[in-house]
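Per-entry structural report
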Amino acid sequence: MTFPTDGTPTPAALDCDTLDRAILDCDVLVVGSGAGGLAAAVTAAYHGLNVVVVEKADVCGGATAWSGGWAWAPGNPLARAAGVVEDKESFRTYLRSVLGTDYQADRVDAFLEAVPHMVGFFHQRTSLQFVPGARINDIYGGLPGAGAGHRSVGPKPMNARRIRPELRAKLRHQLYETSFLGMGIMAGPDLTKFLSASRGNPRGLLHAGWRFGLHILDLLTHRRNMQLVNGTALTGRLLQSADRFGVDVRVSTPARRLLTDSDGKVTGAVVGTPEGELRINAARGVVLAAGGFPQDVERRKELFPHTPTGLEHWTLAPAEASGDGISLGQSVGARFRADVKSAAAWCPVSLVPYRNGRTGTFPHIMDRAKPGSIGVLRSGKRFVNEANGYYDYVAAMLAATPAGEQAEAWQIADSRFVRRFPLGMAKPLPVPLFPYLRSGYLKKGRTLEELAARCGIDPAGLRETVERFNRHAADGADPDFGRGSTPFNRYGGDATVQPNPSLGPIEKGPFYAVRVVPGSFGTFAGLDVDGRSRALDEAGRPIPGLYVAGNDQASVMGGHYPAGGINLGPALAFGYVAGRDLAAAVEYEDDGSVPAEIAESAH
């Protein structure tokens, strides 16, 4: 850092006038520390560039740290290692089927070209190690080109002890609502073993006891969760990689305005620090990756349905994801694209009241597909195939809600379900239900009619719906919505239930319900970019020196949700693309082969 004064004062000795003129020089400045921003930073730094990352929050990771951590990465080398080799045209076919007129060929091709190399680069050259999503299916299995596994990768779990303490302090904690007393549980075998413990399975009990025992030890010795899984593992591994390559990561440092030269090239930014403003000059350019606008109430009011004040929406993104990156881009002429199918990546959520007055936001990802539960409106009628993606659940809820009314639904289950599976935040055996009942989060009724009265649901409508559902569920059929008809549906169910893993009757009282409202993981509307992640102006021309990654970009999926991980997959891929473009990299870091250590991890 240089200080343009007559002497050589230390930062503590500077007066306010000098602080306003503090300068830091680098090659690349990245605004935001989620998957997109850190991917860009790590890639650029690997190629020898001097990179600075500034983060508005006092911890890194953004919404990535609170996510499931899985990335849609079709054609990745872990799939090839398992013998699954698919042509790119099959991916294009599937995306054309889902996206329709929102299919943007140049950006889709850029994504599909980058993904295999991105996974290979991070897995081989950095601390970010992946595990394969061998059984994770694309959501719309009946459409042409749909995949039945091996198109996703997730971060390999890691122990935070491997991260040096100073850097570990900058790592965002696991989202409490998606943890068990702060301990993260990874989707896949880890979660399956935990669920089996609720049924008394010895291996499941041993696994759960071992994991929770380690968690308690970590809390006593480190005062935080140290077993990193899902999004915290992804963030932790990216941060460790950034540290390894010399990236300067600064928290509590919001970007306030971009700097440009006389030709309009973006040359850096002015950021805030606890000591005052700092000017950061970025010789190669700036990457905006601040997490989109899920916490921007005014933009939500304008773009989200059924949000007349902007407050009728609950996001899983941190408070800092308030649209800063998008506003910065617009300030230098970048085009904001709202012409997408949906402005947000919808997710059904329930609101968790705590005794200290705080309200948590729980994402309903897993429970909807399990046999013995349905979603209903105030009329008592079903409105969606509950086992489809979380995006579809909310989209159907919004479509079924008359204009001017608050969108809401109730996830209904019986007593057998709540002791075997989670119902929202409420955990299965051996965790007691009374805390959730006492807080009002979980509603209970001895009969369906009593439950309906406590929820404000039409009792006759609910009784009729459940009786019809039960008649068909016994035969493994759902003539109304086709639940269990796709591999995605069945994978989310319970394999021990036949003939349809996703269907089971709701018949043993007492009955339970959780109120579900519209939420989101992040936003799909964003800044327009080309296939090189360069920000485009209103005329479609690249703005020199300005790149965009993560949810600050307009969604390459056109506001659709074809598969799990379509936020993180493009975030990593286009962050990687931006880092390579800034470094003027020509050759890919991997040679396209499947190294032995990747082949071993794939199995």
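Because the structure is predicted, anything quoted here is derived from the model rather than measured. (Residues numbered from 1 in each chain as written. Predicted model: local features only at pLDDT ≥ 70, side-chain atom pairs only at ≥ 80, totals over all residues. Heavy atoms only, no water.)

Some remarks on the pairing of strand β5 (residues 152–155)
Because side chains alternate across β5, one face comprises the buried residues S152 and G154, and the other comprises V153 and P155, equally buried. Pairing analysis gives 2 bridges linking strand β3 (residues 71–72) to β5, with the strands arranged antiparallel. Across the sheet, A71 pairs through a bridge with V153, a residue of β5. Strand direction decides the pairing type here: strand β4 (residues 130–132) and β5, joined by 3 bridges, are antiparallel. Paired with F130 across the strands is P155, a residue of β5. (Buried < 20%, exposed > 50% of the residue type's maximum accessible area, 1.4 Å probe, protein only. Helix = DSSP H or I, 4+ residues; strand = E, 2+ residues; numbered from the N terminus. Pairing = 2+ DSSP bridges.)

So, the packing of aromatic side chains
A complete count under the given rule lists 19 aromatic pairs for this structure. Seen from their ring centres, F293 and F336 are 5.9 Å apart, and the 70° between their planes marks the pair as edge-to-face. Of this pair, F293 sits in the loop between β13 (276–288) and α10 (297–303) while F336 sits in strand β15 (residues 336–337), placing them 43 residues apart in sequence. Among the residues examined, F293 registers a relative accessible area of 0% and is labelled buried. Considering the side-chain rings of Y436 and Y441, the 6.2 Å spacing of their centres and the 55° angle between planes classify their relative orientation as tilted. Each member of the pair Y436 and Y441 is classed as buried. These aromatic residues form a ring-pair network of at least three members: Y46, F121, F122, F245 and Y576. Directly above the ring of W66 sits R172, whose terminal nitrogen or CZ lies 5.0 Å from the centroid. (Phe/Tyr/Trp six-rings, centres within 6.5 Å; stacked < 30°, edge-to-face > 60°. Lys NZ or Arg CZ within 6 Å of the ring centre and 35° of its normal.)

As for the environment of V54
Within the secondary structure, V54 is located in strand β2 (residues 51–54). Spatially, the C-alpha atoms of V54 and P422 are 38 Å apart, while their sequence positions differ by 368 residues. Once residues lying within four places of it in the same chain are set aside, the contact partners of V54 are L29, V30, V31, G32, R250, T253, V271 and I280. (Contact = heavy atoms within 4.5 Å.)

Re the environment of R515
Within the secondary structure, R515 sits in strand β21 (residues 511–523). The partly exposed category is assigned to R515, whose relative accessible area is 29%. The spacing of R515 and L377 is 138 residues in sequence and 9.9 Å in space, taken between C-alpha atoms. Apart from residues no more than four positions distant in its own chain, R515 is found in contact with V349, S350, L351, Q406, E408, A409 and W410. At 2.5 Å, the side chain of R515 and the side chain of E408 are in polar contact. (Polar contact = N/O pair within 3.5 Å; in protein donor to acceptor, adjacent residues only side chain to side chain.)

Considering the confidence of the model for the protein chain
Residues of the protein chain with pLDDT of at least 70 account for 94%, and the chain-wide mean is 92. A low-confidence stretch, residues 1–20 stays under pLDDT 50, and its non-local contacts, those more than four residues away or across chains, total 18 contacts. (pLDDT = per-residue confidence, 0-100.)

Concerning the nonpolar core
Ranked by internal contacts, the top residues of the largest apolar core, which has 126 residues, are L29, V51, F122, I280, V286 and Y561. Sorting elements by how many residues they give to this core places helix α5 (residues 105–125) first, with 10 residues. Among all residues touching V286, those that are not within four sequence positions of it are L29, V31, L258, V266, G268, G545, L546 and Y547. Counting 17 residues, the second-largest nonpolar core is a separate cluster that includes I374, W410, L448 and A452. (Core = buried A, V, L, I, M, F, W, Y, C linked by side-chain atoms within 4.5 Å.)

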